[in-house]
Amino acid sequence: MSEPIFGRLLTAMVTPFDGERKLDLDKAKVLAAHLVDDMSNDALVISGTTGEAPTTTAQEKFDLLAAVKAEVGDRAKLVAGVGTNDTAVSVELARQAEQAGADGLLAVTPYYSLPPQEMIIDHFVAIADATSLPVILYDIPHRTGRPIETESLLTLAKHPRIRAVKDAKKNLDASSRVMAETDLTYYSGDDAITLPLMAIGGAGVIGTSTHFTGRRTHEMIDAFCRGDVAEALRLHRALLPIFTGVFATQGCMMVKAGLAHQGLDVGACRPPLQSAPAELAEVFFGLLDAADL
């Protein structure tokens, strides 16, 4: 089984802030090193939705990516989240990310505007044409209001720089067809369906709970890849409470609470997001404490 372009385990890294909710690059370096060296990540997604991209400026995105690049060097690849619902802004963010040292781009379906499929295709092609970097399409219709339809994915797969999909659509029939008919690499965009997606040809996960489960999740993926399905299933079942528990409230709020619980304070989220509700966070802390991570 060949190694995918970005590896098999990626984490959509939260963005650390200080007490005044200003970007904290020192904390970002510490967190990135932890995710790569301790949590076994092959790559990190910087300034994705879990990284609070909607509330960080273009300059902050550049500074964050450059700081993480300086910290992890060649130990992991870096994928920059550049998707917005403004094609021109997304193109500019893509060019900026390439300048800052990104190894790839993550582009989400334009949200809220609800463009028809042919315009979604045009949007992604514009981003892919803007740089020399490989692109991961992020298909998450419950947030964007529009799926990337199967026929659109088949069309987009013909672009030489559109290389992968972060699949949060939870339509395994459709995903299976795209994988069968294209060379697109599929990453689970929902931690809990990583193993089911791999069973039909997926490569791995771009995770949220992997801030905590990264090492064990990589063990699950590796077990499946070497044909030890029983061990992969055992690990999937052991990790499932954390795979799902991290989404008891908005993912980045729970991750930041969980990291602080483990002694790695990365600050609170920026409004409109705030701190995770205490009662939900306490349940999640219990799951983390009980798990063999």
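You'll find the chain entered in an unreviewed UniProt entry as 4-hydroxy-tetrahydrodipicolinate synthase, with Propionibacterium ruminifibrarum given as the organism. Regarding the chain, the UniProt comment filed under Subcellular location (unreviewed entry) reads as follows: "Cytoplasm". We quote the UniProt Sequence similarities (unreviewed entry) comment for the chain here in full: "Belongs to the DapA family."

A. Layout of the side chain of Thr 50. Relative to the assigned elements, Thr 50 resides in the loop between strand S2 (43–46) and helix H2 (58–72). Excluding residues that lie within four positions of it along the chain, Thr 50 makes contacts with Ala 12, Met 13, Val 14, Thr 15, Thr 208, His 211 and Cys 252.

B. Local environment of the UniProt feature "binding site: pyruvate" (unreviewed entry) in the chain. Mapped onto the present numbering, the UniProt feature "binding site: pyruvate" (unreviewed entry) falls at Thr 50 and Ile 206. Over a stretch of 157 residues, the named residues converge on one spot in the fold, their C-alpha atoms separated by at most 10.8 Å. The exposure class assigned to Thr 50 is buried, which follows from its relative accessible area of 12%. With respect to the element layout, Ile 206 can be found in strand S8 (residues 204–207). Given a relative accessible area of 1%, Ile 206 falls into the buried group.

C. Highlighting helix H12 (residues 278–290). With 13 residues, H12 ought to run about 18 Å at 1.5 Å a step, and its terminal C-alpha atoms sit 18 Å apart, in line with that. Restricting attention to buried positions, one finds in H12 the residues Ala 281, Phe 284, Phe 285 and Leu 288. Projected onto a plane normal to the axis of H12, the buried residues spread over an arc of 110° and lie on a single side. Within H12, the exposed residues directed more than 90 degrees away from the buried face are Glu 279, Glu 282, Val 283 and Ala 290. The secondary structure elements touched by the buried residues of H12 are helix H9 (210–225), helix H10 (229–245) and helix H11 (251–261).

D. Structural context of the pattern of salt bridges. Enumeration according to the criterion identifies 17 salt bridges in this entry. In this structure, Asp 139 and Lys 169 form a salt bridge, with 2.8 Å as the shortest nitrogen-oxygen distance. You can see Asp 139 sitting in strand S5 (residues 135–139) and its partner Lys 169 sitting in the loop between strand S6 (162–167) and helix H7 (172–181), a full 30 residues away along the chain. This pair shows no difference in class: Asp 139 is buried, exactly as Lys 169 is. Ionic pairing is found between Arg 226 and Asp 228, a salt bridge with its closest N-O pair at 4.0 Å. Connected through salt bridges with shared partners, the residues Arg 215, Arg 216, Glu 219 and Asp 292 form a single ionic network.

E. Structural context of the pairing of S2. Along S2, one buried face is formed by Ala 43 and Val 45 and the opposite face, lined by Leu 44 and Ile 46, is buried too. Note that strand S1 (residues 9–12) and S2 share three bridges and pair parallel. Bridging across to S2, Thr 11 finds its partner in Leu 44. What joins S1 to S2 is helix H1 (residues 25–37), and the crossover it makes is right-handed. In terms of strand pairing, S2 meets strand S3 (residues 77–81) through four bridges, oriented parallel. In the sheet register, Leu 44 faces S3, and the bridge partner there is Leu 78.

Conventions and cut-offs
- Residues numbered from 1 in each chain as written.
- Predicted model: local features only at pLDDT ≥ 70, side-chain atom pairs only at ≥ 80, totals over all residues.
- Heavy atoms only, no water.
- UniProt positions renumbered as here; feature names shortened; annotations may be inferred.
- Helix = DSSP H or I, 4+ residues; strand = E, 2+ residues; numbered from the N terminus.
- Contact = heavy atoms within 4.5 Å.
- Buried < 20%, exposed > 50% of the residue type's maximum accessible area, 1.4 Å probe, protein only.
- Expected span 1.5 Å × (residues − 1).
- Arc of directions from axis to C-beta.
- Salt bridge = Lys/Arg side-chain N within 4 Å of Asp/Glu carboxyl O.
- Pairing = 2+ DSSP bridges.
- Right-handed = clockwise from strand over helix to strand, strands pointing away.

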